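# Overview (structure and organization)
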Amino acid sequence: MLAGSLLGAWAGASWAVRMRSATLYKVLAALMVLMAAALVVTHTTTLDTLALPLWAQIPSGIVAGFGIGVVAAIMGVAGGELLIPTIVLLFGEDIKTAGSISLLVSLPTMLVAFARYSRDGSFAVLGANIRFTAVMAAGSIVGAVLGGLLVGVFPDAVLIPLLAVILLVSAIKLARHN
């Protein structure tokens, strides 16, 4: 999966920097709708592993990794929300193992996407908006800490629909963006 993810991250970032802004907004909106649907389906139904033979697991992992790398690079996410279910479904790993593997795949994937975006000077906008960048970074850190502290406080039956709604509202806002 890592090999496919690295290739996908490079390709996704390459496509993203070449897309017109209006197209990129539409692509992001569509991906958010798909993420909301995947979130709801994977948390409301029981999916069995595909039980692929060993010879099919490697090409399937590369293809799935490529798709996840593309999505991760375009959306600017680590891809764990796609990696974990894929690892469970394709390879039959338990959720904790899948989460650990996801971390091992996510970091190199994001580094490749970062390197590709850096080649085109895509991060120059951060220096021009240093205050906004600092506020967003601080908010991310606070949000991660609060999220970690609140793990287990709210049941999945509340969190999953809430996250799906947030993704759908965000998708609508992105689709309407000019």
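Keep in mind that this is a model prediction, so the values were computed, not measured.

### A few points about the nonpolar core
The biggest cluster of nonpolar side chains holds 27 residues, and the ones touching the most others in it are Met32, Ile74, Met75 and Leu83. What Met75 contacts, discounting residues up to four positions off in sequence, is Leu28, Leu31, Met32 and Met35.

### Some words on the packing of aromatic side chains
This structure, assessed with the given rule, holds one aromatic pair. Considering the side-chain rings of Trp15 and Phe66, the 6.5 Å spacing of their centres and the 75° angle between planes classify their relative orientation as edge-to-face. With Trp15 in helix H1 (residues 2–18) and Phe66 in helix H3 (residues 54–75), the pair connects residues that are 51 residues apart, well separated along the chain. On the basis of relative accessible area, Phe66 is assigned to the partly exposed category, the value being 31%.

### With respect to the pattern of salt bridges
Two side chains of opposite charge can pair, provided their charged atoms sit close to one another. In the structure shown here, the tally under the stated rule is one salt bridge. Notably, a salt bridge pairs Arg116 with Asp120, separated by 2.8 Å at the nearest N-O pair.

### Focus: the side chain of Ser106
Here Ser106 is to be found in helix H5 (residues 95–119). Take Ser106: its relative accessible area is 6%, and that puts it in the buried class. Looking at Ser106, its side chain comes within polar contact range of the main-chain oxygen of Ser102, at 2.7 Å.

### Topic: the confidence of the model for the protein chain
For the protein chain, per-residue confidence averages 87 on the pLDDT scale, and residues scoring 70 or more make up 100% of the total. The least confident element of the protein chain, judged by mean pLDDT, is helix H6 (residues 124–128) at 80; the most confident is H1 at 93.

### Topic: helix H7 (residues 130–150)
A rise of 1.5 Å per residue sets the reference length of H7, with its 21 residues, at 30 Å; its end C-alpha atoms lie 30 Å apart and thus fit the reference within 8%. Positive backbone phi, approximately 90°, marks Gly152, located one or two places after H7.

### A short note on helix H2 (residues 21–44)
Helix length check: H2 (24 residues) gives 35 Å between terminal C-alpha atoms against 34 Å at 1.5 Å per residue, within 8%. Of the positions making up H2, those classed as buried are Leu28, Ala29, Leu31, Met32, Met35, Ala36 and Leu39. Tucked into the core, H2 has its buried residues touching H3, helix H4 (80–91) and helix H8 (156–176).

### Some thoughts on the side chain of Arg116
Its location among the elements puts Arg116 in helix H5. Judged by its relative accessible area of 5%, Arg116 falls in the buried class. Polar contacts involving the side chain of Arg116 include one to the side chain of Ser14, which spans 2.7 Å. Sequence-distant contacts of Arg116, defined by excluding residues within four places in its chain, comprise Trp10, Ala13, Ser14, Val17 and Arg18.

About the thresholds
- Residues numbered from 1 in each chain as written.
- Predicted model: local features only at pLDDT ≥ 70, side-chain atom pairs only at ≥ 80, totals over all residues.
- Heavy atoms only, no water.
- Core = buried A, V, L, I, M, F, W, Y, C linked by side-chain atoms within 4.5 Å.
- Buried < 20%, exposed > 50% of the residue type's maximum accessible area, 1.4 Å probe, protein only.
- Contact = heavy atoms within 4.5 Å.
- Phe/Tyr/Trp six-rings, centres within 6.5 Å; stacked < 30°, edge-to-face > 60°.
- Helix = DSSP H or I, 4+ residues; strand = E, 2+ residues; numbered from the N terminus.
- Salt bridge = Lys/Arg side-chain N within 4 Å of Asp/Glu carboxyl O.
- Polar contact = N/O pair within 3.5 Å; in protein donor to acceptor, adjacent residues only side chain to side chain.
- pLDDT = per-residue confidence, 0-100.
- Expected span 1.5 Å × (residues − 1).

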